[in-house]
Every structure is written in C-alpha cells, then in structure tokens.
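Observations on the model geometry
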Amino acid sequence: MTILRLLILAPVVCLSLSSLADTDVEISIQADAPGAVIDRHIYGQFAEHLGHGIYQGLWVGEESQIPNVRGFRRDVVEALQALQIPNIRWPGGCFAEEYHWKDGIGPRDERPTRINTNWGDVEESNAVGTHEFFDLAEMLGADAYIVGNVGRGSPKEMAEWLEYITADNNSALAKLRRANGREAPWNVPFWGVGNENWKCGGNMGAEYYADVYRRYTTFLKAPSNNTPKKIASGGYHLDTAWTDEISQIGSKIDGIGIHYYTMVTENWVDKGNATGFTKDEWFAHLAETLKMDDYLRSHIAVLDRNDPEGRIGVYVDEWGSWYDVEEGSNRKFLRQQNSIRDALVAAINFNIFHRYADRIRMTNIAQMVNVLQAMILTDGEEMLLTPTYHVYEMHTPFHDAVSVPVESGGVPSVSDGDTSIPMVSASAAIGKGGDLAISLVNLSPETDVSLAARVDGFVARDVSGKVLTGEEIDAHNIFATPNAVRPMPIRVSIEDDYLRLTLPAKSVVVLSVQRSSGQ
C-alpha cells in the first residue's frame, strides 16, 4: 500500500539556484484515509564494535573519571533516552561475523583479548558483552536486535547463545547466566542470522546462504513466550537476487535485512567530505538518498510476488551517509562529521520509509555514536548532539502512528547542473492520541518555500512545530559550539482551513497539529 503520494498534477517547475525568492507549494493531507502503522522500530539504532562506537563512545568503564552508569557514559545514556530508542542492533555488522559470545561473559578481567580484524586490527577487550549490552538496552528502554555469527561461528554456538539469553529452566547455560549475575532471562525480540553474508560474512552466494540459513534456524530454539523474529541477511542496493532466493525459504523467516548507504562513489573510495563540500556535492548526495525509494520498491516487488500475504518484513538494518573519514582519524574507525545535509538525509529517508510502512518493519541507522552518521560525537569528556540526533528527536511522534496520504498539486524541482531533485519531501501520520504529525523537508540549499497544507477529515485546534536548519550548507556542531545546529520553534498559522508556514532553505520541519475536541 502506498502511504505517501506526490502526484504531479501540473508541470514540474524547475528552479535554478539563482531563483532565491519564496516558492509556493500546496499539499493536501488526507487524514480521513488511514494507511499502515509506522512501526516504531523504523527508528532503530545500530551499535557495532567499530572505532569508538562502543569503547569511549558508549563505554568508559566503571572506574572512569567520566561520569557513568555501570560503565556507560551518563551524558550519552541520558541523551539517548530522550530519543525513545525502540531497538539497538548489536554487536555488528561485520564484527558480528567474527564475534564469539562466550568471550564476552564472566569477570571482565578474565575475558580474552581478541583482534578486531575488520576494523583496524585493534585489540578488542570484550569488556562489553552480552550482560553489558542488555544492561544498556534496558537503561534505554530499547529492544535487543542480536546479530549472530554465521561466518566464523556454528549452529551450535548460535543456538547456545540464544539459550543463554532466553532459558528459563535449569539447563547448564541458564545456570551459567545466573552465575554471571543475571537471574531472569532477557527478552530478545529480534535475531539476525548473519550479516552481509554476500561479503564480510563469508562471500556466499544467495542459494548457498539460503541453505545455511535453514540449517542455523533449525537449531535456534527459545521459550514460546520469548522467541525472536528471525532476520535473514539480505543483499545490497538494487541486487534483488538475495531477496528472491531468501523469500522462498519458508516459515522459518520473519524478515530480510537489506543495506543501503548514501554515498557518491562507484568504487567505495573518494566518497567526498562530510563538511566543506560544494553545492554540486549537496545535490549529488541528496539525489543518491532519494534512490532509497527505487531500492525499496524493487525489493518489495520481489516480496510481493513471493510473499503476497506480507508475512516477511523488510529490515533496512544499515543505512545512512558515508563519507571519507575525518582528517587525522583512523580510516578504519569511520568517524565523520555530521551536518545539516545529513539531517536532511535522515528526514528524507523517514518520509520514504513511511511510504512503505506496510512492509518495512525496522530500520537501523549506521551508527549510534562516533561512527558514520552518528547521533552523538564524543572526544574524551566532551560530548555533542549531531543534527541527525535532532531529527530523530523531532520525529518521535511518528512512532507507531498511522500513516495518512499526502498529495501535491505540483512539487517544484530544484537543480544545479545536470542534477535535479524535488524541492519538498513530506509525510504525515495520526498519533495514538489523535494528533496529526507532519514531516516536511526543503531540499533546496538556498530557496525558501511558502507552504500551504490542507488537511481533509481533520479539524485543527492548534498547531506547533520545530525547524532544524543552518546558516551554511555544511552547518554542523563542534565541541566549542555544540548548539550551532539545533531545533527552533517555527511559526505556523491556520487560515481558511490551511496550515501556512515558510520552510527555510535546507531545513527539516515537524509539525504537531492538535485535533479539535469537537471531532
């Protein structure tokens, strides 16, 4: 079912960057035509043992001078709590395919040191293991999405990990968990059977992996009240061969994990800079972001053919901006800055995800702290919130909200050179309390938009909203000025049954429209 429709009912107006006057856009929101529920898990996170994503970013240890809660940075935990994080994917990523879970249990000073061969050949202390991860998830009120080791592991190892986590009996593994300090089983709603098994997870073919998946899942057993959904490793970008093969596995699959990164490169090198980029790069990067729609449509078309009942969900469990690493940092640590452009990347993707909410069950941005398109950056005792963090916070009203269609009578496009992109991206949903949430993005780097929104089947009592924008196209936060890019109130009026506001250039806006008590 299509939730968001941008219908071009008039010729598309193409604006050049020299056109800096306000551009008029009118949209219609059909609040009386409810669609699919936007699963809160679409706003999931990803924390891999990569660079300073776990160590120094999340974990500093209980003896650290940095204030912490049982070893996790207090400032980071408190900031993440505000996002109402629905789930965390852990321990990887490619790291998961070499991770042996028994290395991460028991007294920390007795845990073995391993080498993280995927991410810089650095030492992995295993200080953060199963107990620590679930402690963090519980602190954040987030569900666990565990990714098991297929590449270097075995069905026995994976099955035993699931038993260790979920057993409520007196098995040897349940007793071992209790001996390590956890009496009750943990709840684990999601279980990934490998990661990128077409590449770092074993360089497998789709047919071979499907057989491997069948073998592993045969032995993944848990109590009936604590059995996780099983997520297969899917393909990358527009290659639908894996989706085609895996969606025919049978009843032991609940979802397919697929990955899409926004990056302007054909060979995984020279991805461009996170800041200091040109307008050409702005357009190229957002154009790549918009291809998420084509990507999802192609995979969902395969699922609709092989799984017409809609039982198998799409899990976009890695996505986000990927640039060249920050100057002076370890290239394998994937640390990059985060600008207003990345805020738009996140919000555009949310609007696309909302469009396919009937099939998308989860997405996980890469990654939570200090890696790729992070929510938070840390350096020693310092911590800051990125523009992407603020977009996640602004969109919390969409968690488990019911999507409603948005129509436009002609969305202008804006272009620079050979690249043209739509000027406005939008979606809307009715929250549990009955209020209407509207997400709006102005993709133009220089042109404001005068927007009028008519809401059908909904009498507005009041409206409020926030806007996130910046002075420059690469506006971002640094430790010296951590609040340079942050949400601000935006002025919205209700006139003649229309919501009217100005979308500043390069901005993300989220509105909350209260329903009249007479409805």
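What this report covers is the structure whose coordinates are included nearby. Note that the structure is a prediction, hence the values are computed from the model and not measured.

Moving on: the overall build of the chain. In terms of regular secondary structure, the chain is built from ten helices and 28 strands. Since a compact globule built from 519 residues should have a radius of gyration of about 24 Å, the 23 Å found for the chain is in line with a globular shape. Dimensions of the chain, computed from the C-alpha atoms along their principal axes, are close to 70 × 50 × 50 Å. Buried residues in the chain amount to 59% of all 519 residues. Contacts in the chain between residues at least 24 apart in sequence constitute 77% of all its contacts with a sequence separation of at least 6. Counting only carbon and sulfur atoms, one obtains 47% of the accessible surface of the chain, whose full area is about 20000 Å². Here the chain holds 45 positive side-chain charges and 70 negative ones, and the gap between their average locations is 7 Å.

What follows deals with the layout of surface pockets. Its volume calculated, the largest pocket comes out at about 530 Å³. If you go around the largest pocket, you meet 26 residues; those closest to its centre are Trp119, Lys199, Trp268, Trp322 and Leu334. Here the lining of the largest pocket is composed, by residue class, of 14 nonpolar, four polar and eight charged. Taken together, 13 residues make up the lining of the second largest pocket; nearest its centre are His237, Leu238, Tyr260, Glu288 and Lys291. Counted by class, the lining of the second largest pocket contains six nonpolar, three polar and four charged residues.

Attention shifts here to the sheet that holds strand S9 (residues 143-148). Pairing within the open sheet is parallel, and its eight strands lie in the order S3-S6-S9-S10-S11-S12-S13-S14. The open sheet has two edge strands with one neighbour each: strand S3 (45-46) and strand S14 (360-365). Across four bridges, strand S13 (residues 313-321) lies against S14 in parallel orientation. Opposite Tyr315, over in S14, you have Met362 as the bridge partner. Against the sheet, helix H8 (residues 292-306) engages strand S11 (229-236), strand S12 (255-262), S13 and S14, with an angle of about 160 degrees to S12. Packing of helix H9 (residues 340-355) onto the sheet brings it into contact with S12, S13 and S14, and relative to S13 it is tilted by some 165 degrees.

So, on to the state of the cysteines. Two cysteines whose sulfur atoms are joined by a covalent bond form what is called a disulfide. Per the stated rule, a full pass over the model turns up one disulfide. Here Cys94 connects covalently by a disulfide to Cys200, the sulfurs 2.2 Å from one another. Taking the sign of the S-S torsion, about -90 degrees here, the bridge from Cys94 to Cys200 comes out left-handed. Taken as a pair, Cys94 in the loop between strand S6 (87-90) and strand S7 (114-116) and Cys200 in the loop between strand S10 (190-193) and helix H5 (206-218) lie far apart in primary sequence, 106 residues in all. A relative accessible area of 26% places Cys200 in the partly exposed class.

Moving on to the nonpolar core. Residues Leu58, Trp191 and Leu296 are the most contacted members of the largest nonpolar core, which totals 122 residues. Among the elements that take part in this core, H9 stands out by supplying ten residues, more than any other. If sequence neighbours within four positions are ignored, Leu58 has contacts with Ala47, Gly53, Gly71, Phe72, Arg73, Val76, Leu80, Leu136, Met368 and Val369. Counting 30 residues, the second-largest nonpolar core is a separate cluster that includes Val25, Ala426, Leu451 and Val463.

Conventions and cut-offs
Residues numbered from 1 in each chain as written. Predicted model: local features only at pLDDT ≥ 70, side-chain atom pairs only at ≥ 80, totals over all residues. Heavy atoms only, no water. Helix = DSSP H or I, 4+ residues; strand = E, 2+ residues; numbered from the N terminus. Rg over C-alpha atoms; globule rule 2.2 N^0.38 Å. Buried < 20%, exposed > 50% of the residue type's maximum accessible area, 1.4 Å probe, protein only. Contact = heavy atoms within 4.5 Å. Areas by Shrake-Rupley, 256 points an atom, 1.4 Å probe, with all protein chains shown as cover. Lys, Arg positive; Asp, Glu negative; His and termini not counted. Charge placed at Lys NZ, Arg CZ, Asp CG, Glu CD. 1 Å grid on protein atoms, 1.4 Å probe; cavity = no way out; pocket = protein on both sides within 12 Å on 5 of 7 lines; lining within 4 Å. Points joined across faces, edges and corners; volume = space filled by probe spheres on them. Nonpolar A, V, L, I, M, F, W, Y, C, P; charged D, E, K, R; others polar. Pairing = 2+ DSSP bridges. Axes fitted to C-alpha atoms, helices over the stretch in contact; angles between N-to-C directions. Disulfide = S-S within 2.5 Å. Core = buried A, V, L, I, M, F, W, Y, C linked by side-chain atoms within 4.5 Å.

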